[in-house]
Amino acid sequence: TNRWNIKSQRCFKFHLFFLLIMATTYVTPDPVTLDGFQAILKPGEWGYKLSALVKGDLITKLEEERESALEWARSKSKNPKRVTVKPEPWEELDNQQGAYHIRFSWRDGDKLIPVIVDTEGTAIKDTDTPIYSGSKVKLAFFQKPYVLPTGDIGTSLKLKAVQLVSLNSGAGVV
């Protein structure tokens, strides 16, 4: 065996360990509202996208976990004293106190592709299902740290599952 294969196996095993043991799966207890452009069942020009509005109590938990995830990422970087921390994968809304915008993206071929189900837990296979901004969903996701070759570190949100609770009937065109 060559040494690159061994190194990649060790790296894969560690990431698998992190995902199974360390990462907390967050589930939105109440349905959240989709906001903005959605490409959930069919990829857009830049892959699949989901963005939603969540409450501040969920973000508080994510911020607490982010600190330890960043420490892990810092320990894995080549020069821990010279890392640049990327912004959080959520933004507070200017016009709504305590409301946050979170974004998820994925591509065909990613290790983790979210499952999209209806209220009964049946997988939604019809890619023409109109999931627009304003639709209500429940989300299951986790936060994952990353280290880029440039020395940047941060966390991203990885979507595990989406439960479609209600559809918004239009594309939101005014």
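No experiment lies behind these values; they were computed from the predicted model shown. (Residues numbered from 1 in each chain as written. Predicted model: local features only at pLDDT ≥ 70, side-chain atom pairs only at ≥ 80, totals over all residues. Heavy atoms only, no water.)

Student: Quick question: what am I supposed to make of the overall build of the chain here?
Tutor: Scanning the chain from terminus to terminus reveals 2 helices and 10 strands. Mapped from its N terminus to its C terminus, the chain presents α and β elements in the order α-β-β-β-β-α-β-β-β-β-β-β. Across the 174 residues in the chain, those meeting the buried criterion constitute 35%. Within the chain, residue pairs in contact and separated by at least 24 positions form 69% of the contacts whose partners lie at least 6 positions apart. Accessible area for the chain stands at about 11,200 Å²; split by element, carbon and sulfur atoms hold 53% of it. (Helix = DSSP H or I, 4+ residues; strand = E, 2+ residues; numbered from the N terminus. Buried < 20%, exposed > 50% of the residue type's maximum accessible area, 1.4 Å probe, protein only. Contact = heavy atoms within 4.5 Å. Areas by Shrake-Rupley, 256 points an atom, 1.4 Å probe, with all protein chains shown as cover.)

Student: What should I look at first to understand the nonpolar core in this one?
Tutor: Nonpolar side chains tend toward joint burial in soluble globular proteins. Ranked by internal contacts, the top residues of the largest apolar core, which has 27 residues, are Leu50, Leu62, Ile102, Phe104, Leu139, Phe141 and Leu159. Elements with a minimum of two residues in this core: β2 (32-34), β3 (39-44), β4 (47-55), α2 (56-76), β7 (99-106), β9 (136-147) and β10 (152-166). Non-local contacts of leucine 139, meaning those with residues more than four positions away in its chain, are made with Tyr26, Val27, Thr28, Val32, Leu50, Ala52, Ile102, Phe104, Leu159, Ala161 and Val162. Listed in part, the 5 residues of the second largest apolar core include Trp72, Ala73, Val83 and Ile153. (Core = buried A, V, L, I, M, F, W, Y, C linked by side-chain atoms within 4.5 Å.)

Student: Got a minute to help me understand the pairing of β9 in this structure?
Tutor: The side chains of a regular strand alternate between both faces of the sheet. As judged from the 2 bridges shared by strand β1 (residues 26-27) and β9, these two strands associate in the antiparallel manner. Bridge pairing in β9 places valine 27 opposite alanine 140. Relative to β9, β2 runs antiparallel, the two being bridged by 2 bridges. Across the sheet, the residue bridging to threonine 33 is lysine 136, located in β9. (Pairing = 2+ DSSP bridges.)

Student: How do you make sense of the pattern of salt bridges when you look at a structure like this?
Tutor: Overall, the coordinates contain 4 salt bridges when judged by the stated rule. A salt bridge links glutamate 71 to arginine 74; its shortest N-O distance comes to 2.9 Å. Of this pair, glutamate 71 and arginine 74 both sit in helix α2, separated by 3 residues, roughly a single helical turn. For arginine 74, a relative accessible area of 23% corresponds to the partly exposed category. A salt bridge links glutamate 91 to arginine 103; its shortest N-O distance comes to 2.9 Å. Of the two residues, glutamate 91 sits in strand β6 (residues 90-92) while arginine 103 sits in strand β7, which places them 12 residues apart along the sequence. Its relative accessible area of 44% is what places glutamate 91 among the partly exposed residues. (Salt bridge = Lys/Arg side-chain N within 4 Å of Asp/Glu carboxyl O.)

Student: Explain the confidence of the model for the chain here, please?
Tutor: As a note on interpretation, predicted positions should not be read in detail where pLDDT is low. Per-chain confidence: the chain averages 86 in pLDDT, with 84% of residues scoring 70 or above. Predicted confidence in the chain is weakest over helix α1 (residues 3-22), with a mean pLDDT of 47, and strongest over β2, with 96. For the stretch residues 1-13, pLDDT sits under 50, and the model shows 2 contacts to residues farther than four places along the chain or on other chains. (pLDDT = per-residue confidence, 0-100.)

Student: How should a negative patch on the surface be read in this particular structure?
Tutor: Together, Glu63, Glu64, Glu67 and Glu88 line one region of the surface with negative charge. Examined against the element boundaries, glutamate 88 turns out to sit in the loop between β5 (84-85) and β6. (Patch = residues over 30% accessible without salt bridge, like charges linked within 9 Å, V, L, I, M, F, W, Y side chains within 5 Å. Lys, Arg positive; Asp, Glu negative; His and termini not counted. Charge placed at Lys NZ, Arg CZ, Asp CG, Glu CD.)

Student: When you look at the side chain of glutamine 143 in this model, what are you seeing that I'm missing?
Tutor: By the element assignment, glutamine 143 lies in strand β9. Side-chain polar atoms of glutamine 143 contact the side chain of glutamate 65, separated by 3.1 Å. Side-chain polar atoms of glutamine 143 contact the side chain of threonine 155, separated by 2.9 Å. (Polar contact = N/O pair within 3.5 Å; in protein donor to acceptor, adjacent residues only side chain to side chain.)

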